[in-house]
Amino acid sequence: SFYIVGKKDNPLYEYTPSQKKEDLNLLQQNQFFVHAALDMVDEEIWKTNSMYLKTVDKFNDKVISAYVTASHIRFMLLHEGKSEESVKSFFLEVHELYIKIMTNPLCDLDAPIVSPAFDTKVRAAARKYFQ
Amino acid sequence: QVMKMAGKREVAESCFDYLHFAVVDLLHSSRPTPEKELERMGFEVGQKLCERYVRDRGFFADELEIITFLCKDVWTEVYGKQMDKLRTNHKGVFELQDLRFRATLRLSAGNDKASQELARRYLSFPAGLIRGALAALGLPSAHVRADG
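Residues numbered from 1 in each chain as written. Chains lettered and ligands numbered in written order. Predicted model: local features only at pLDDT ≥ 70, side-chain atom pairs only at ≥ 80, totals over all residues. Heavy atoms only, no water.

> In this structure, what is going on with the overall build of chain B? I would like to understand it.
In terms of regular secondary structure, chain B is built from 6 helices and 2 strands. Starting at the N terminus and ending at the C terminus, chain B contains elements arranged as α-α-α-β-β-α-α-α. Of all 148 residues assigned to chain B, the portion counted as buried reaches 34%. Long-range pairs, those at least 24 residues apart, make up 52% of the contacts in chain B with a sequence separation of at least 6. With an accessible surface of roughly 9900 Å², chain B has 53% of that area assigned to carbon and sulfur atoms. (Helix = DSSP H or I, 4+ residues; strand = E, 2+ residues; numbered from the N terminus. Buried < 20%, exposed > 50% of the residue type's maximum accessible area, 1.4 Å probe, protein only. Contact = heavy atoms within 4.5 Å. Areas by Shrake-Rupley, 256 points an atom, 1.4 Å probe, with all protein chains shown as cover.)

What follows is the structure, given as structure tokens:
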């Protein structure tokens, strides 16, 4: 699952590849893990200068990777151990998409991203790097 | 032979200058609070431009780094040159000086107070731009004051 969290810890975007109904419970759990991992992210950002933070937290068999922009927007990915390289490339590509959509003057930086074009492109990127 | 423009599409900088002049005049003659609106416009532009300009760099370590980034990179991208002077009293107040500020460079006016008042109108948008940039980079409660 992939989440974009804004400056005030508000969720801006969420994408989960799975479609099954029983996973809805899991979805809430995932959101909880990611929220808890935000604290870890806040610690890590002061230790390094780069935007990609690699793995910040572990939960059972899942791992959370993070990427923080200089404007304090966090991209979080909840996964089961994908390769560092592909996660980093995915984050970079989504960052580009994020910038493109945010330069829209009608778009609010603090509001959730609802553009279907953005959604499609993020899904395409996820397929490209994770399949 | 037709010459094609290769590379990025570009627009003359003066287009923005004229647009800015026109917007300032329009707002000042038709709206009750033109400064606030200009400042708000600058704020949104500043925020969004900053998202783009910090694409390749990581976190800012402290305030001074943010302000330096603003003076150098952001100002260069927007106005084509860096800020000329930066002063601080180390207690949170920074003074940024641009000696050849594009927006007011080509205004013809005398040195009297009334002209200065008029010139000051053109500073709302850049002040908002700075405030927006600061907000995007982690200083959301900054106050920006522009002086001619």
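> Would you mind going over the interface of chain A and chain B with me for this structure?
Put simply, an interface is often sized by how much accessible area is lost when its parts join up. Each side of the interface is counted separately: chain A has 23 residues, and chain B has 17 residues. Overall, the association of chain A and chain B removes approximately 1600 Å² of surface from exposure, summing both partners, and the carbon and sulfur fraction of that is 58%. At the boundary of chain A with chain B, the tally comes to 0 salt bridges. For the interface between chain A and chain B, the tally reads 1 residue pair in polar contact (both at pLDDT 80 or more). If you tally residues by element for the side of chain A that touches chain B, the top one is helix α2 (residues 84-102) of chain A, at 5 residues. For the side of chain A that touches chain B, the class distribution of residues is 12 nonpolar, 8 polar and 3 charged. (Buried area = accessible area lost by both parts, 1.4 Å probe. Salt bridge = Lys/Arg side-chain N within 4 Å of Asp/Glu carboxyl O. Polar contact = N/O pair within 3.5 Å; in protein donor to acceptor, adjacent residues only side chain to side chain. Nonpolar A, V, L, I, M, F, W, Y, C, P; charged D, E, K, R; others polar.)

> Explain the packing of aromatic side chains here, please?
Residues and elements named next belong to chain A. This model, assessed by the stated rule, comprises 10 aromatic pairs over all chains. With 5.6 Å between their ring centres and 0 degrees between their planes, tyrosine 67 and phenylalanine 75 make a pair best called stacked. Of the two residues, tyrosine 67 and phenylalanine 75, both sit in the buried class. (Phe/Tyr/Trp six-rings, centres within 6.5 Å; stacked < 30°, edge-to-face > 60°.)

> I'm lost on the pattern of salt bridges in this one. Help?
Note on pairing: side chains with opposite charge can pair once their charged atoms come close. Per the stated rule, a full pass over the model turns up 6 salt bridges over all chains. In this structure, aspartate 42 of chain A engages arginine 74 of chain A in a salt bridge whose closest nitrogen and oxygen atoms are separated by 3.4 Å. One end of the pair, aspartate 42 of chain A, is in helix α1 (residues 23-45); the other, arginine 74 of chain A, is in strand β5 (residues 74-79), with 32 residues separating them in the sequence. Here aspartate 42 of chain A falls in the partly exposed class, since its relative accessible area comes to 26%. Residue arginine 74 of chain A is classed as buried on the basis of its relative accessible area of 1%. The salt bridge partner of glutamate 39 of chain B is arginine 131 of chain B, with a shortest N-O separation of 2.8 Å. Pair noted here: glutamate 39 of chain B is in helix α2 (residues 34-53) and arginine 131 of chain B is in helix α6 (residues 124-137), with a separation of 92 residues, a long-range link.

> Teacher, can you tell me more about the environment of arginine 40 of chain B here?
All names here are of chain B. Note on placement: arginine 40 falls in helix α2. Owing to a relative accessible area of 45%, arginine 40 belongs among the partly exposed residues under this scheme. Considered as a pair, arginine 40 and aspartate 25 are 15 residues apart in the sequence and their alpha carbons are 16 Å apart.

> Looking at this model, I keep getting lost on α2 of chain B. Mind explaining?
Between the first and last C-alpha of α2 of chain B there are 28 Å, a value that for 20 residues agrees with the 28 Å anticipated at 1.5 Å per step. Close packing links the buried residues of α2 of chain B with α2 of chain A together with α1 (13-30), α3 (63-79) and α6 of chain B. (Expected span 1.5 Å × (residues − 1).)

> Honestly, the sheet that holds strand β2 (residues 11-15) of chain A in this entry has me stumped. Any pointers?
Sheets are built from strands that pair by backbone hydrogen bonding, the pairs being arranged parallel or antiparallel. Residues and elements named next belong to chain A. With antiparallel pairing, 5 strands are arranged side by side in an open sheet as β2-β1-β5-β4-β3. Single-partner strands in this sheet number two, and they are β2 and β3 (52-59). Sheet twist, expressed as the average angle between the axes of neighbouring strands with direction ignored, equals 20 degrees. For β3 and strand β4 (residues 62-68), the ladder comprises 6 bridges, and the chain directions are antiparallel. Along β4, the bridge assignment pairs threonine 55 with serine 65. Against the sheet, α2 makes contact with β1 (2-5), β2, β3, β4 and β5, and its axis sits at roughly 140 degrees relative to β5, the strand it touches most. Packed onto the sheet, helix α3 (residues 116-130) meets β1, β2 and β5 and runs at close to 50 degrees relative to β2. (Pairing = 2+ DSSP bridges. Axes fitted to C-alpha atoms, helices over the stretch in contact; angles between N-to-C directions.)

Nothing here speaks to function; it is geometry throughout.
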